[in-house]
Amino acid sequence: MLSERRLQVLRAIVQDYVGTEEPVGSKALTERHNLGVSPATVRNDMAALEDEGFIAQPHTSAGRIPTDKGYRLFVDKLAGVKPMTAPERRAIQNFLEGAVDLDDVVARTVRLLAQLTRQVAVVQYPSLTRSTVRHVELLALAPARLMLVLITDTGRVEQRMVDCPAPFGESSLADLRARLNSRVAGRRFADVPSLVEDLPEAFEADDRGTVSTVLSTLLETLVEENEERLMIGGTANLTRFGHDFPLTIRPVLEALEEQVVLLKLLGEAKDPGVTVRIGHENAHEGLNSTSVVSVGYGSGGEAVAKLGVVGPTRMDYPGTMGAVRAVARYVGQILAES
């Protein structure tokens, strides 16, 4: 275990390096921070931190910079989450409340996260598998053609065309709409198949084929892997950090183009807390020079998807964690109210 003083020295090194972009020396540390010891003592502490792999010396400089291990200790033990100010929180709320539908909520969230953190923002669309049905609408387009509209508790809207085996009357359509919603509204997707399996039997023999066709279209919509949708923004922010990427920014940009990589990066939606992955903790080689801060969001107490940011390991972790957490909270509120 590191002594309290060495932890303070590590905290000071991380804060100075993130703030100045320059490797940090013992003289600068004692001048800028009230460590209560001489530069010689700080030099000894820095030597010990270097021996244990928490800081390293870039070959061009006499100063030291944090390693992935140093940042990890900083995030786990030394850094709190920096809360947003009241004006910042109001600005977030006002910006997100202007959204007109789910796509707009996601687009605004991406823009907002990228602006607040000046990193790359990634937002996963709410997962259908963790959603509940708010309403099923059925609209007649022609005597034997319907449109099925599924609306979820997260504001997601899925539309499907249904070609019926025979003409379906308006009264039968109204009856199906009412019976269907009485069974599935407010229920989780996973429960729907068993709730509707005997529904065709409630209709006249001539209509059962159409009812079965509508139900199979609904069930197909429920099981489709639509949660694999993401929106990404602020990629241009990475160009401000060119010197933070050892060779070139290209591997990072290539990794960000791979949706599967990004979904893995954000992690499981069911883990609602703030997650920080630093440098080589990211399995994808192209992202070894980046850190990822992500959090679950959703209506009620349950996370239905993840959002987060990707940036260089030289990141303002307390501020980024605070911004990501605050935005997720407001997005969840908007989904709950929508």
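Before any of the text, the structure's been laid out above.
Since this is a predicted model, take the numbers as computed values, not measurements.

(A) Broad picture of the side chain of threonine 313. On the secondary structure map, threonine 313 appears in the loop between strand E10 (305–312) and helix H12 (317–337). Discounting chain neighbours no more than four positions away, the residues touching threonine 313 are Asp68, Tyr71, Ile278, Gly279, Ser289, Thr290 and Ser291.

(B) Region of interest: the sheet that holds strand E9 (residues 290–297). Taken together, the 5 strands give an open sheet; going across it, the order is E7-E3-E10-E9-E8, and neighbouring strands pair in antiparallel fashion. One side of each edge strand has no neighbouring strand; the edge strands of this open sheet are strand E7 (230–233) and strand E8 (275–278). Between one strand and the next, the sheet's axes are offset by a mean angle of 15 degrees, whatever the strand orientation. Its contacts with the sheet place helix H11 (residues 259–266) against strand E3 (120–124), E7, E8, E9 and E10, and it is angled at close to 90 degrees to E7.

(C) Structural context of helix H3 (residues 39–51). Between its terminal C-alpha atoms H3 stretches 18 Å, which fits the 18 Å expected from 13 residues at 1.5 Å a residue. Considered for burial, the residues of H3 that qualify are Val42, Asp45, Met46, Ala48 and Leu49. Take H3 and look down its axis: the buried residues cluster within an arc of 160 degrees, on one side only. Opposite the buried face of H3, at more than 90 degrees from it, the exposed residues are Asn44 and Asp51. Each element contacted by the buried residues of H3 is listed here: helix H1 (4–20), helix H2 (26–32) and strand E1 (55–56). Downstream of H3 by one or two residues, glycine 53 has phi in the positive range, about 85 degrees.

(D) Seen up close, the side chain of threonine 320. Structurally, threonine 320 can be placed in helix H12. If we skip the residues at most four places from it in the chain, threonine 320 touches Thr117, Gln119, Val293, Val309 and Met315.

(E) Molecular detail of the pattern of salt bridges. In total, this model carries 15 salt bridges according to the counting rule given. Residue aspartate 45 is joined to arginine 5 by a salt bridge in which the shortest nitrogen-to-oxygen separation is 2.7 Å. Of the two residues, aspartate 45 is situated in helix H3 and arginine 5 in helix H1; the sequence distance between them amounts to 40 residues. Here aspartate 163 ties to arginine 145 by a salt bridge, and the two come within 2.8 Å at their closest N and O atoms. Here aspartate 163 is found in strand E6 (residues 157–163), whereas its partner arginine 145 is found in strand E5 (residues 145–152), with 18 residues between them in sequence. We classify arginine 145 as partly exposed; its relative accessible area is 34%. It is possible to trace a salt-bridge network through shared partners that takes in Arg5, Arg6 and Asp45.

(F) Up close: the sheet that holds E6. One open sheet accounts for 3 strands, arranged E4-E5-E6; its pairing is antiparallel. Every other strand in the sheet has two partners, leaving strand E4 (133–142) and E6 as the edge strands with one partner each. On average, each strand axis in the sheet is inclined to that of its neighbour by 20 degrees, with strand direction left out of account. By the bridge criterion, 7 bridges tie E5 to E6 in an arrangement that is antiparallel. Within E6, the position partnered with arginine 145 by the bridge is aspartate 163.

(G) Representation of the nonpolar core within the structure. Judged by nonpolar contacts, the single largest core of 56 residues is most densely connected at Leu29, Leu307 and Tyr317. Counting residues per element, this core draws most heavily on H12, which supplies 11 residues. Those residues in contact with tyrosine 317, other than ones at most four positions away along the chain, are Tyr71, Phe74, Val75, Val276, Ile278 and Ser291. Formed by 23 residues, the second largest nonpolar core is a distinct cluster that contains Val133, Val136, Leu215 and Leu222.

What counts as what
Residues numbered from 1 in each chain as written. Predicted model: local features only at pLDDT ≥ 70, side-chain atom pairs only at ≥ 80, totals over all residues. Heavy atoms only, no water. Helix = DSSP H or I, 4+ residues; strand = E, 2+ residues; numbered from the N terminus. Contact = heavy atoms within 4.5 Å. Pairing = 2+ DSSP bridges. Axes fitted to C-alpha atoms, helices over the stretch in contact; angles between N-to-C directions. Expected span 1.5 Å × (residues − 1). Buried < 20%, exposed > 50% of the residue type's maximum accessible area, 1.4 Å probe, protein only. Arc of directions from axis to C-beta. Salt bridge = Lys/Arg side-chain N within 4 Å of Asp/Glu carboxyl O. Core = buried A, V, L, I, M, F, W, Y, C linked by side-chain atoms within 4.5 Å.

Shape descriptors only; they carry no functional weight alone.
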